[in-house]
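This is what each chain is made of:
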Amino acid sequence: MLIMLRRSCVVMLIAACCLVATAVQAAGLRFLDVPADAGGPALKGMVSTPCAASPSEVALGAGLALPGVKDCPIAGSRLPLIVVSHGRRGSYLSHVDTATALADAGFVVAAINHPGDTARDTSRTDEFSVLVERPADMKRLTDFMLGAWTEAGALDPKRVGLFGFSRGAYTGLVVIGGNPDFGALAPLCDKEGATTPKCRAIRDGRVPTEAAVHDSRVRAAVLADPPLYEGLFNRDRLANVTIPLLLWRSALGGDGVVPASVDALEQMLPARPDFRIVPNSSHFSFLAPCPAKLAEAAPILCTDPAGFDRKAFHDTFNDAVVSFFRKHLE
């Protein structure tokens, strides 16, 4: 897959300042620290919550800020929780516009950085360990939000959803019951003579064999443009993926995502998802609209096919995500 720019930590912060500028109201924002435990390292992120206060700004550092209200009292009770998994080398800010839309609609949204596979830390991006640990990260996040989080009493533990984009969509597919076969990647390594850490592990007989981490508390999921290599999943390995699913794919793919593989996934799922193809879109069209400054700094993230209106699409996309979760997390 393509590299999401070494400087993308700053890029994503710049983006975040502009992504929610048109929101009807600002979400409550709380920085999130999930402590390390036997299940994995510390996780950092952000929680977006329903907020009745007047919009202001929340400082992110480096002179940047998000529209929002820091530590706003949560408006409502017994609220549904949505956990968010970002794409390869992304961050917890990658889908802040969608998080804001959900928070404004009455959801609590928790997004974290996946250790070793973020804009700032790419140390394990191409290792199997990231693919194994990402689902565990999401389960630990849900454990924390429903347990140790100081505002856990505001949540309804029976109303949990998941949103994932790109590698985050792969992550979500595992969380909701998928069982990947990492050994199935061997032919790809043979064909390309690949020297990535994953291919070296395959050649050395170090393919992960531990059971995948699932979380039955997740009752509905929205997945966008999962990067699925041939053989990673089959019908048997997806047999337990039966919860309501809103599956999106771009028309043209990109960054390692092949549209035909998403089509194949849709056909293999035991319970047909709500499957939507976005006309004339590319992979990064699912990232929020880019202001001019970000488009100049990160054209790979911000350039859409000619004639595609990312802003108009995200208005529709976020409305669809909100409507889906409202329907299935009643």
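Overview of empty space enclosed by the protein
Following the criterion strictly, the structure yields three cavities of 30 Å³ or more and no others. Here the largest cavity defines a volume of roughly 110 Å³. As for the largest cavity, its lining consists of Met46, Ser48, Val84, Tyr92, His95, Val96, Thr98, Ala99, Leu102, Val109, Ala111 and Phe163. Residue assignment for the lining of the largest cavity shows that the elements contributing at least two residues are β2 (43–49), α2 (96–104) and β6 (108–112). Broken down by element, the residue count for the lining of the largest cavity peaks at four residues, all from α2.

Side note on unusual backbone geometry
The backbone phi angle of Arg89 is positive, close to 60°, even though this residue is not glycine. Topologically, Arg89 is positioned in the loop between β5 (79–85) and α2. A positive phi angle is found at Asn280, which is not glycine, with a value near 60°. Along the chain, the position of Asn280 falls in the loop between β10 (274–278) and α8 (292–297).

Focus: the pairing of β5
Within β5, seven of the seven residues are buried, which leaves the element mostly enclosed by the surrounding structure. Examined bridge by bridge, β5 and strand β7 (residues 155–165) share six bridges and lie parallel to one another. Across the sheet, the residue bridging to Val83 is Leu162, located in β7. In this structure, β5 lies alongside β6, joined through five bridges in parallel fashion. Note on β6: the bridge partner recorded for Ser85 is Ile112. The parallel pair β5 and β6, bridged by α2, forms a crossover whose chirality is right-handed.

Structural notes on the state of the cysteines
This structure, assessed with the given rule, holds three disulfides. Disulfide pairing is shown between Cys51 and Cys72; the S-S distance is 2.1 Å. On the sign convention where negative is left-handed, the bridge of Cys51 and Cys72, at about 85° about the S-S bond, is right-handed. Taken together, the positions of Cys51 in the loop between β2 and β3 (56–61) and Cys72 in the loop between β4 (64–70) and β5 put the pair 21 residues apart, joining distant regions of the chain. Grouping residues by exposure puts Cys51 and Cys72 together as buried.

Details of the packing of aromatic side chains
Tallied over the full model, the rule gives twelve aromatic pairs. Centre to centre, the rings of Tyr170 and Phe233 are 6.4 Å apart; their planes meet at 45°, and the pair counts as tilted. Residue Tyr170 is found in helix α4 (residues 167–175), and its partner Phe233 is found in the loop between β8 (218–224) and β9 (245–250); the two are separated by 63 residues along the sequence. Phe233 carries the same exposure label as Tyr170, and that label is buried.

Things to note about the pattern of salt bridges
A full pass over the atoms with the stated rule returns 18 salt bridges. Where Asp33 meets Lys44, a salt bridge forms, and the shortest distance between an N and an O atom there is 2.5 Å. With a gap of eleven residues between them, Asp33 in strand β1 (residues 28–34) and Lys44 in strand β2 connect regions that are remote in the sequence. The class for Lys44 is exposed, based on a relative accessible area of 52%. Glu266 serves as the salt-bridge partner of Arg272, at 3.8 Å between the closest nitrogen and oxygen. Of the residues examined, Glu266 reaches a relative accessible area of 9% and is grouped as buried. Linked through salt bridges whose partners overlap, the residues forming this network are Lys139, Asp143, Asp215 and Arg217.

Conventions and cut-offs
Residues numbered from 1 in each chain as written. Predicted model: local features only at pLDDT ≥ 70, side-chain atom pairs only at ≥ 80, totals over all residues. Heavy atoms only, no water. 1 Å grid on protein atoms, 1.4 Å probe; cavity = no way out; pocket = protein on both sides within 12 Å on 5 of 7 lines; lining within 4 Å. Points joined across faces, edges and corners; volume = space filled by probe spheres on them. Helix = DSSP H or I, 4+ residues; strand = E, 2+ residues; numbered from the N terminus. Buried < 20%, exposed > 50% of the residue type's maximum accessible area, 1.4 Å probe, protein only. Pairing = 2+ DSSP bridges. Right-handed = clockwise from strand over helix to strand, strands pointing away. Disulfide = S-S within 2.5 Å. Phe/Tyr/Trp six-rings, centres within 6.5 Å; stacked < 30°, edge-to-face > 60°. Salt bridge = Lys/Arg side-chain N within 4 Å of Asp/Glu carboxyl O.

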